[in-house]
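Breakdown of the fold
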Amino acid sequence: MTLPAFSLVRPQTVAEALRVLQDAAPGQAKVIAGGTDLIPNLQMKLYAPQLVVDIKGIAALRGIEWSPGQGLRIGALTTLTELERAPIVREQFPVLAEAVAAVAGPLQRNMGTIGGNLCLETRCLWYNQSEFWRRALGGCLKLPMPNPHAAHPRTICHVAPGGKFCWAVWSGDSAPALLALDAEVEISGPRGVTRRPLRELYKNDGMDRLALGHDELLTAVHIPARAAGRRGTYRKLRIRNSIDYPLAGVAVAMEVDDQGICHAARVAIAAVNPAPLLVPQAEALLVGQKASPELIEEVARAVTRTGKPLTTSASTPEYRREMLRVFTRRALQACWDRRDNVEHERDTGD
Ligand SMILES: Cc1cc2nc3c(=O)[nH]c(=O)nc-3n(C[C@H](O)[C@H](O)[C@H](O)COP(=O)(O)OP(=O)(O)OC[C@H]3O[C@@H](n4cnc5c(N)ncnc54)[C@H](O)[C@@H]3O)c2cc1C
């Protein structure tokens with residue numbers, strides 16, 4: 001589990017970082033922020049870049065700014081701990097505060113950044129293993145490995161053999177919360193600085209997860225002012241509540257008036273598809289309605305139709321699909337009852 005050899009550069013400005021990325025051949029440079037995802041992946045030899053570009057020294061990428069007109073701007077290097085503790089996030093965007101508080105453990109949250117969390121590598125039981133382990137199987141579709149003795153062809157997907165699609169799962173927690181808040185990402189690259197909806201960052205392909213060029217950097221996340229004050233909550237299934245990646249995650253953000261009528265609603269899921277996804281039917285079903293068990297069940301069913309859990313993770317697809325339904329029900333009820341941003345029951349699936 002040693003690191004592969006690479007050169008390290010430490011640019012101090014975004015322009016400098018972009019120059020370095022542009023000069024590198026596609027696939028030969030990797031950006032490192034907190035390193036809590038990248039370093040274990042390098043140790044497992046999931047990739048071996050010639051160059052690692054450490055962006056931690058770029059001061060312009062830090063900080064959280066709030067303006068009632070512009071909304072919230074979160075620099076890409078803002079750590080998850082900083083986000084979790086920021087009063088503006090806790091008070092106005094509770095779904096995000098809950099989601100980042102559920103990432104890994106305190107050590108990873110102190111080092112891990114929001115940019116890194118949104119650009120995570122996808123995960124799969126058959127991929128996130130040591131080189132020795134993977135070689136015994138001849139690798140997989142995402143990372144073929146030469147082994148003349150392997151029983152399978154070298155480019156097989158062990159999750160869906162025969163298919164040409166990689167089902168490695170999007171296993172980040174902040175993305176569904178940010179999707180539920182209509183967030184946009186700021187991308188800096190050779191064509192300047194652009195902003196696009198967060199949902200357009202994800203390709204829903206386990207092998208090619210991000211719509212981000214090799215010469216581009218995610219520099220900030222924006223949440224529009226209209227999303228401030230939405231009730232919200234995030235529910236997450238994992239083996240160990242103290243540290244693990246999600247096996248299923250549901251984020252809900254809603255606007256509900258004093259009569260209990262819903263005026264805006266977003267439901268997003270993670271850890272069951274190769275991308276974090278908004279559930280398109282949820283808004284149509286919920287807006288204009290009051291809470292009822294039948295309505296909540298109907299939305300929960302729409303969520304389970306969007307989630308496609310397969311044998312990529314350390315729990316069965318059936319259990320993870322069922323927990324999507326349970327979490328959706330609990331999250332919607334909590335939002336309607338205004339039990340947001342409070343210590344909720346340990347959602348371990350019981
Ligand atoms: C034991 C353990 C448990 C974990 N559990 C969870 C969990 O429960 N939930 C969860 O969401 N995550 C989890 N993680 C992953 C990780 O800790 C977090 O997702 C963290 O936020 C990643 O941020 P980082 O800055 O460390 O990313 P890095 O490791 O530095 O980078 C991650 C990826 O993003 C790219 N990247 C980073 N910043 C940028 C940028 N600005 N622009 C473009 N690309 C960029 C890197 O090239 C890399 O591919 C866990 C990690 C460990 C080791």
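Residues numbered from 1 in each chain as written. Predicted model: local features only at pLDDT ≥ 70, side-chain atom pairs only at ≥ 80, totals over all residues. Heavy atoms only, no water.

1. Side note on unusual backbone geometry
Only a minority of non-glycine residues have a phi that is not negative, and only a minority of peptide bonds are not trans. To be explicit about the condition: Numbering of helices and strands runs from the N terminus, with a helix taken as a DSSP run of H or I at least four residues long and a strand as a DSSP run of E at least two residues long. Buried means the residue's accessible area, taken with a 1.4 Å probe over protein chains only, is under 20% of the maximum for its type, while exposed means over 50%, and partly exposed covers the values in between.
Despite not being glycine, Ala-104 shows a phi value in the positive range, around 40°. Structurally, Ala-104 can be placed in the loop between helix H5 (94–101) and helix H6 (106–111). Look at Ala-104 and you get buried, because its relative accessible area is 15%. Phi is positive for Asn-204, close to 55°, though the residue is something other than glycine. Here Asn-204 lies in the loop between strand E7 (192–197) and strand E8 (217–223). For Asn-204, a relative accessible area of 29% gives the class partly exposed.

2. A short note on the site of the ligand
Note the threshold: It suffices for a single heavy atom of a residue to lie within 4 Å of a molecule or strand for the residue to be listed as near it. Polar contact is the term for a pair of N or O atoms within 3.5 Å; when the atoms are in protein, one must be able to donate a hydrogen and the other to accept it, and sequence-neighboring residues count only if both atoms are side-chain atoms. The accessible surface values rely on the Shrake-Rupley method and a 1.4 Å probe; as for residues, cover is taken only from the protein chains in view.
Close to the ligand lie 34 residues, the nearest being Val-31, Thr-36, Thr-113, Asp-173 and Lys-236. Within the backbone of Ile-243, an N or O atom sits 3.3 Å from a nitrogen atom of the ligand. At 3.4 Å from a nitrogen atom of the ligand is found a side-chain nitrogen or oxygen belonging to Tyr-245. Bound to the protein, the ligand loses 92% of the 980 Å² it would expose on its own. Looking at the shell around the ligand, the elements with two or more residues in it are strand E2 (29–32), helix H7 (114–118) and E8.

3. A short note on the sheet that holds strand E12 (residues 277–278)
Spelled out, the test is: A pair of strands counts as paired when DSSP detects no fewer than two bridges linking them. Note on definitions: a residue-residue contact is assigned when non-hydrogen atoms from the two residues lie within 4.5 Å. Note on geometry: axes are lines fitted to C-alpha atoms, helical ones only across the stretch in contact, with angles between N-to-C directions running from 0 to 180 degrees.
Taken in spatial order, the 4 strands of this open sheet run E9-E10-E11-E12, and their pairing is antiparallel. On the outer flanks of this sheet lie strand E9 (231–237) and E12, each paired with one strand and no other. Of the strands in this sheet, E9 and strand E10 (248–256) are in contact with H5, which crosses E9 at around 20°.

4. Overview of the domain arrangement of the chain
A common way to report how large an interface is uses the accessible area buried once the components associate. Our working rule: Note that domain bounds follow an automatic or database assignment of domains.
For the chain, the assigned domains are domain 1 (1–57) and domain 2 (231–336). Just the C-alpha atoms count here: the centres of domain 1 and domain 2 sit 35 Å apart.

5. Digging into the packing of aromatic side chains
For clarity, the threshold we go by: For Phe, Tyr and Trp, where Trp contributes only its six-membered ring, two rings pair if their centres lie within 6.5 Å, and the inter-plane angle classes them as stacked under 30 degrees, edge-to-face over 60, or tilted in between. Should the NZ of a Lys or the CZ of an Arg lie within 6 Å of a ring centre and within 35 degrees of the ring normal, that charge is described as sitting over the ring.
Per the counting criterion, the structure on display carries 4 aromatic pairs. Taking 4.8 Å as the distance between ring centres and 70° as the angle between the ring planes, the aromatic pair formed by Phe-165 and Trp-167 counts as edge-to-face. In this arrangement the basic side chain of Lys-30 is found over the ring face of Tyr-47, its NZ or CZ atom lying 4.0 Å from the centre. Of note, Lys-142 hangs over the ring of Tyr-127, and the distance from its end group to the ring centre comes to 4.8 Å.

6. Re the pattern of salt bridges
Going by this rule: The working definition used for a salt bridge is a side-chain nitrogen of Lys or Arg within 4 Å of a carboxyl oxygen of Asp or Glu.
A complete count under the given rule lists 18 salt bridges for this structure. The closest approach of N and O atoms between Glu-84 and Arg-109, which form a salt bridge, is 3.3 Å. A residue pair is termed long-range when its members are at least 10 positions apart, and Glu-84 in helix H3 (residues 80–85) and Arg-109 in helix H6 qualify at 25 residues. With a relative accessible area of 18%, Glu-84 lands in the buried category. According to the relative accessible area criterion, Arg-109 is buried, its value standing at 11%.

7. Structural notes on the side chain of Asn-41
The residue Asn-41 is located in helix H2 (residues 38–43) in this model. For Asn-41, a relative accessible area of 2% puts it in the buried group. Reaching out from Asn-41, the side chain makes a polar contact with the side chain of Tyr-47 at a distance of 3.0 Å. Setting aside chain neighbours within four positions, we find Asn-41 in contact with Leu-46, Tyr-47, Glu-121 and Asn-128.

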